[in-house]
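Given next are the chains, with one letter for each unit.
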Amino acid sequence: MAADDRRRRYRAIEVSDEPETQRERMKYILSHGVKEFLVEKAREWPGVHAVRALLDDEPLEGLWFDRTQEYGARRRGEEHERNRFTTLETVTLSPLPCWEHLSPEDQKKRIAELVREIEEEAAAQRAATGKPVLGRAAILKQNPHERPNRPKKSYAPLVHAASRKVRRELYEGYRAFVAAYREAAEKLRSGDRAVIFPAGCFPPALPFVGG
């Protein structure tokens, strides 16, 4: 991605197993829409939001568009309805690892506590700055494809951790992973097809050889 292109794609960032780190990440996710003064309450966000699924048991459903089949149909010159190659998918949310031992009721209490903190903190900031919320109706009038005038320019961290010790351990583990991957990739390019790569990664592509 170019240095001047701040439109981020998805990036997986390691989160430590520290309970405070996991709680902070959950709070950050649930705060979207409220912390930007777009809505006053998390449940008021008109788009996709995990809060209603976590607290109200609202199903998180959406359509999966199979672009491969759509592309194949276009190549064959076939006309089809827009939803011919779609599948209804339901997202199942798992509890935070540090909360897995809690009952569903206690997990909801923890989530509700986070939401209350988010909304109270945002209300205090609005009171201090005098800035009102945009509101649900104004949000729905926005063009979803427009870019902000001043996009966020901060860089994503390599890891999320609460303590310096754990952060250092994650950094060292990642460096060891990269070193092992590069060594295995070099062996693969040299002809060793039996080389073992680190768990959780994909080997690099080899040159295509026609049949």
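Residues numbered from 1 in each chain as written. Predicted model: local features only at pLDDT ≥ 70, side-chain atom pairs only at ≥ 80, totals over all residues. Heavy atoms only, no water.

### Things to note about the overall build of the protein
Okay, step 1: Tallying secondary structure elements over the protein gives six helices and four strands in all.
Okay, step 2: Traced from its N-terminal end to its C-terminal end, the protein shows the element sequence β-α-α-β-α-β-α-α-β-α.
Okay, step 3: Over its C-alpha atoms the protein spans a radius of gyration of 23 Å, topping by over 25% the 17 Å that the globule rule assigns to 211 residues.
Okay, step 4: By principal-axis analysis of the C-alpha atoms, the protein measures approximately 65 × 60 × 45 Å. (Helix = DSSP H or I, 4+ residues; strand = E, 2+ residues; numbered from the N terminus. Rg over C-alpha atoms; globule rule 2.2 N^0.38 Å.)

### Let's talk about the pattern of salt bridges
Okay, step 1: Tallied over the full model, the rule gives 16 salt bridges.
Okay, step 2: Two residues, Arg-67 and Glu-70, come together in a salt bridge whose shortest N-O distance is 2.9 Å. With a gap of three residues between them, Arg-67 and Glu-70 both fall in helix H3 (residues 67-75), about one helical turn apart.
Okay, step 3: A relative accessible area of 8% means that Glu-70 is categorised as buried.
Okay, step 4: Through salt bridges with shared partners, a single ionic network connects Arg-23, Lys-27, Glu-113, Glu-117 and Glu-121. (Salt bridge = Lys/Arg side-chain N within 4 Å of Asp/Glu carboxyl O. Buried < 20%, exposed > 50% of the residue type's maximum accessible area, 1.4 Å probe, protein only.)

### Examining helix H1 (residues 19-30)
Turn by turn, an α-helix covers 3.6 residues, leaving residues three or four places apart pointing in a common direction.
Okay, step 1: Across its twelve residues, H1 extends 17 Å between first and last C-alpha, which sits within 8% of the 16 Å expected from 1.5 Å per residue.
Okay, step 2: Taken as a whole, H1 has its buried residues at Thr-21, Gln-22, Met-26, Lys-27 and Leu-30.
Okay, step 3: For H1, the elements touching its buried residues are strand S1 (14-15), helix H2 (50-56), helix H4 (104-129) and strand S4 (159-160). (Expected span 1.5 Å × (residues − 1). Contact = heavy atoms within 4.5 Å.)

### Some points on the confidence of the model for the protein
Okay, step 1: Averaged over every residue, the pLDDT of the protein is 90; residues scoring 70 or more account for 95%.
Okay, step 2: For the protein, the element scoring lowest by mean pLDDT is S1, at 90; H4 scores highest, at 97.
Okay, step 3: Per-residue pLDDT stays below 50 along residues 1-6; that stretch engages in eight contacts with residues further than four places along the chain or on separate chains. (pLDDT = per-residue confidence, 0-100.)

### What to know about helix H6 (residues 164-189)
Okay, step 1: The first and last C-alpha atoms of H6 sit 37 Å apart over 26 residues, in line with the 38 Å expected at 1.5 Å per residue.
Okay, step 2: When H6 is considered as a whole, its buried residues turn out to be Val-166, Ala-184, Ala-185 and Leu-188.
Okay, step 3: Residue Gly-191 follows H6 closely and has a positive phi angle near 115°.

### Side note on the environment of Ser-163
Okay, step 1: Among the structural elements, Ser-163 can be located in the loop between S4 and H6.
Okay, step 2: Residues Ser-163 and Ser-16, spaced 147 residues apart in sequence, show a C-alpha to C-alpha distance of 9.5 Å.
Okay, step 3: Of note is the side chain of Ser-163, whose polar atom sits 2.9 Å from the side chain of Glu-18.
Okay, step 4: A distance of 3.3 Å separates a polar atom in the side chain of Ser-163 from the backbone nitrogen of Val-166. (Polar contact = N/O pair within 3.5 Å; in protein donor to acceptor, adjacent residues only side chain to side chain.)

### Some thoughts on the nonpolar core
Okay, step 1: In this structure, Met-26, Leu-30, Val-34, Val-51, Trp-99, Ile-111 and Val-115 are the most contacted members of the largest nonpolar core, which totals 18 residues.
Okay, step 2: Taken together, the elements giving at least two residues each to this core come down to H1, H2 and H4.
Okay, step 3: By residue number, the principal contributor to this core is H4, which donates five residues.
Okay, step 4: When near neighbours in sequence (up to four residues on either side) are disregarded, Leu-30 contacts Ala-42, His-49, Ala-50, Val-51, Leu-54, Ile-111, Leu-114, Val-115 and Ile-118.
Okay, step 5: Ala-185, Leu-188, Val-195 and Phe-197 belong to the second largest nonpolar core, which has six residues in total. (Core = buried A, V, L, I, M, F, W, Y, C linked by side-chain atoms within 4.5 Å.)

### Quick notes on the packing of aromatic side chains
Okay, step 1: Evaluated as defined, the whole model comprises one aromatic pair.
Okay, step 2: The ring of Tyr-28 has Arg-25 sitting right over it, with the charged end atom 4.8 Å from the ring centre. (Phe/Tyr/Trp six-rings, centres within 6.5 Å; stacked < 30°, edge-to-face > 60°. Lys NZ or Arg CZ within 6 Å of the ring centre and 35° of its normal.)

### Here's the deal with unusual backbone geometry
Okay, step 1: Despite not being glycine, Phe-37 shows a phi value in the positive range, around 65°.
Okay, step 2: Within the fold, Phe-37 resides in the loop between H1 and H2.
Okay, step 3: Under the relative-accessibility criterion, Phe-37 is labelled buried at 10%.
Okay, step 4: We note that Asp-57 has phi near 60°; this positive angle belongs to a residue other than glycine.
Okay, step 5: Relative to the elements of secondary structure, Asp-57 occurs in the loop between H2 and strand S2 (60-65).
Okay, step 6: Judged by its relative accessible area of 53%, Asp-57 is exposed.

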